[in-house]
Amino acid sequence: MASPTPPALPEQPQPAAIPTPPDGESSTVVWHRDHLRVADHPAVAAAADADHMLPIFVFDPSFYGTDGLACDARIGFLHDCLSDLDEQYRAVAGAGLTLAHGDPIEVLGWFRDAGWDVVAADAPTGRYGVERDRRARSECGVSFVDGDGLVRGVDRPRDGWQEHIEAWLTADHDTWDPEAVSVREVETGITIEDIDAAYGVDPTKSKVPTGGTTAARRHLAEFVDRIRAYPENISSPVDARDGTSGLSPYLKFGCLSVRQVYQHVVANTPECRGTKMFVSRLFWNKHYEQKLQDWPGWLDTAVNPVLEGFNADRRDPDLIAAWKAGETGYPMVDASMRCLAGTGWLNFRMRALCVSFYYHLLQQPWKEGADWYHHHLVDSVASINYTQWQSQCGLVGRPTLRRYNPRKQVRDQDPHGEFIREWVPELEALPDDHLDRPEHTPVHVQSECGVRIGETYPRPVVDYDAARKEFDERLAAVRADAADALGRPEIAGRASLSGGRDAAAAIARKHGSDSGGDTAEQSRLDAFGGGAE
Ligand SMILES: Cc1cc2nc3c(=O)[nH]c(=O)nc-3n(C[C@H](O)[C@H](O)[C@H](O)COP(=O)(O)OP(=O)(O)OC[C@H]3O[C@@H](n4cnc5c(N)ncnc54)[C@H](O)[C@@H]3O)c2cc1C
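Residues numbered from 1 in each chain as written. Predicted model: local features only at pLDDT ≥ 70, side-chain atom pairs only at ≥ 80, totals over all residues.

Of the regular secondary structure elements, the chain holds 25 helices and 6 strands. Over its C-alpha trace the chain gives a radius of gyration of 25 Å, about what one expects of a compact globule, namely 24 Å for 533 residues. With respect to the three principal axes, the spread of C-alpha positions in the chain is 80 × 60 × 50 Å. Evaluated residue by residue, the chain yields a buried proportion of 47% over its 533 residues. In the chain, once contacts between residues fewer than 6 apart in sequence are set aside, the share between residues at least 24 apart is 78%. (Helix = DSSP H or I, 4+ residues; strand = E, 2+ residues; numbered from the N terminus. Rg over C-alpha atoms; globule rule 2.2 N^0.38 Å. Buried ≥ 20, exposed ≤ 12 C-beta atoms within 10 Å, placed from the backbone. Contact = placed C-beta atoms within 7 Å.)

Right, let's get into the nonpolar core. With 137 residues, the main nonpolar core has Leu108 and Leu486 as its most contacted residues. Aside from chain neighbours lying at most four places away, what touches leucine 108 is Val29, Trp31, Val118, Ala136, Cys140 and Val142. (Core = buried A, V, L, I, M, F, W, Y, C linked by C-beta atoms within 7 Å.)

With that settled, consider the site of the ligand. As a structural note, the neighbourhood of the ligand is formed by 27 residues, with Thr244, Ser245, Ser248, Arg281 and Asn385 the closest of them. In terms of residue class, the shell around the ligand is made up of 13 nonpolar, 10 polar and 4 charged. Both of domain 2 (205–292) and domain 3 (305–511) provide at least three residues apiece to the shell around the ligand. (Near = placed C-beta within 6 Å. Nonpolar A, V, L, I, M, F, W, Y, C, P; charged D, E, K, R; others polar. Domains from an automatic or database assignment.)

This part is about unusual backbone geometry. Residue glutamine 12 is joined to proline 13 through a cis peptide bond whose omega torsion reads -5°. A positive phi angle, near 50°, is found at arginine 127, a position not held by glycine. Checked against the element boundaries, arginine 127 lands in helix H4 (residues 127–140).

What follows deals with the environment of arginine 259. Considering the arrangement of structural elements, one finds arginine 259 in helix H11 (residues 258–268). Accessibility expressed as a C-beta count within 10 Å gives 22 for arginine 259, which makes it buried. With 43 residues separating them in the primary sequence, arginine 259 and alanine 216 have C-alpha atoms 14 Å apart. Not counting chain neighbours up to four residues away, the residues in contact with arginine 259 comprise Asp40, Trp168, Leu169 and His173.

A separate point is the domain arrangement of the chain. Examined at the domain level, the chain breaks down into domain 1 (15–195), domain 2 (205–292) and domain 3 (305–511). Computed over C-alpha atoms, the centres of domain 2 and domain 3 are 25 Å apart. Across the contact, 21 residues belong to domain 2 and 23 residues belong to domain 3. Of all elements in the fold, only helix H9 (237–243), helix H10 (248–252) and helix H12 (273–294) reach the threshold of two or more residues within the side of domain 2 that touches domain 3. Taken together, the residues of the side of domain 2 that touches domain 3 break down into 8 nonpolar, 8 polar and 5 charged.

Bringing helix H2 (residues 72–93) into the picture now. In this model H2 runs 31 Å from its N-terminal to its C-terminal C-alpha over 22 residues, within 8% of the 32 Å that 1.5 Å per residue would give. With 17 of 22 residues buried, H2 lies mostly within the body of the structure. (Expected span 1.5 Å × (residues − 1).)

Helix-helix packing is characterised by the crossing angle of the two axes and by the distance between the axes. Running from amino to carboxyl end, H11 crosses H12 at an angle of 165°, the nearest separation of the two axes being 11 Å. Considered as vectors, H11 and H12 are oriented roughly antiparallel to each other. Considering how the two elements wind past one another, H11 and H12 form a crossing that is left-handed. In this structure, H11 contributes Val258, Val261, Tyr262 and Val265 to the contact, and H12 contributes Thr275, Phe278, Val279, Leu282, Asn285 and Lys286. Residue composition of the contact of H11 with H12, by class: 7 nonpolar, 2 polar and 1 charged. (Axes fitted to C-alpha atoms, helices over the stretch in contact; angles between N-to-C directions. Parallel < 35°, antiparallel > 145°, perpendicular 65-115°, else oblique. Left-handed = near helix turned anticlockwise from the far one by under 90°.)

Next comes the structure, spelled out in structure tokens:
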């Protein structure tokens, strides 16, 4: 965990160190945030139209220290990406990335005062990022360059969205000519090592890949060779570790653009189910980004106002602590939660399982869980993590709920306990047949194998059937109101369903309070018909 002590590092570069652009020559700073690459980069391409261009990354103290929300492994990955970006610039342009430290608005303001324009790639953000970007626009005139395929500035962004995103994915890359611009660098004295030392960055997670575009290209090339096996590898947490692409942290930091990955895969893989499934997930990436673009509130507020505060009055610190520590008495959940904290990555199904367990069975407030994921996931992107949390919990108010049964997931995805035994070693000697319900292991078997439930491994912290029934009843009581709310244009707009406002209105008509005598019991059955058990 990063040190809470304030760093000894000054804000850098100091205004006096910033070069004044030559008279009559245009000069542009490219402010890199998450797009840590030089190719297919709309802001780099825009800046390279100037006579001089200066690429910069500003280490922002808000992202460091105990309030920073990112684990040290993610920060370490970011630092790898920055070293790699510096090398990319040196390789193509002979000058590297300027590293600065401080409030980015203040630092960029000094460049502005010295006569530089500032550009950055536009990207959906929430919470702190919205305010930072507003200040960047108003206080130092930063121009945000749109070029990520998202739809902005229209009332109904989902109209024709699929066609729009397809056109972007298949379009030519943003290019620039390093010979036609002089790339400049300011010596600030700030190094990645200084930042690590000042903030006590000390990654402890295992299996974390190396960051940067060079490593991303290697992952992509290796994945293309095994893409045929992708569909069989997605669901099991053991198979997924090396069987999915592993590209998520690279896409998070923009080491490659989604478009670069898409075009490489389409050009280099056979037409097969694996390619189709993978490409659909690249669309999902953009679909979730569009959601955050449409409504920054996803990070803090339930999409559906009727469901705001659902579970809040049941907050139980002991249950939350057991979930975080992987000590719930449900082996698949415990293995997954320990794997998340230990490696910063989980496959989709296990992420969804642990959300469902937390919200539908433990019945705890969603945001605390989502923040825990955001802290530990090396690939955490606000646009996917928080929107997935809200979707998996059911906070949109759709009629169907995706719910996962933690016992069935053992039988389906880890029947021989490979994953469970790796992360929950206290169950090492428990026979496979009992891994889905350790608490039902006969006493003589417990004695023989030395696993004593309630002593060496916890009993379930909640009773599965009772908790499930209770949640169903609580949700059934508000479900019609939630459907009504989803039909309201402002709520439909923020939900940003792929079918747009028409899809939201159809849900309201079918499941809302005027839907024609939907009883609570019918609602309950409908609601859970689409579960993912
Ligand atoms: C609660 C929850 C939180 C999640 N948080 C994140 C997150 O913060 N960052 C993140 O990248 N993914 C997140 N996902 C989606 C998914 O679990 C990861 O993208 C995937 O496990 C990353 O591994 P991969 O790159 O090998 O995936 P692959 O299967 O190889 O997929 C390739 C890429 O497609 C995109 N993608 C895949 N699945 C999804 C999805 N369901 N929704 C949106 N995009 C998807 C990602 O960019 C991913 O890197 C979350 C899922 C859940 C259920």
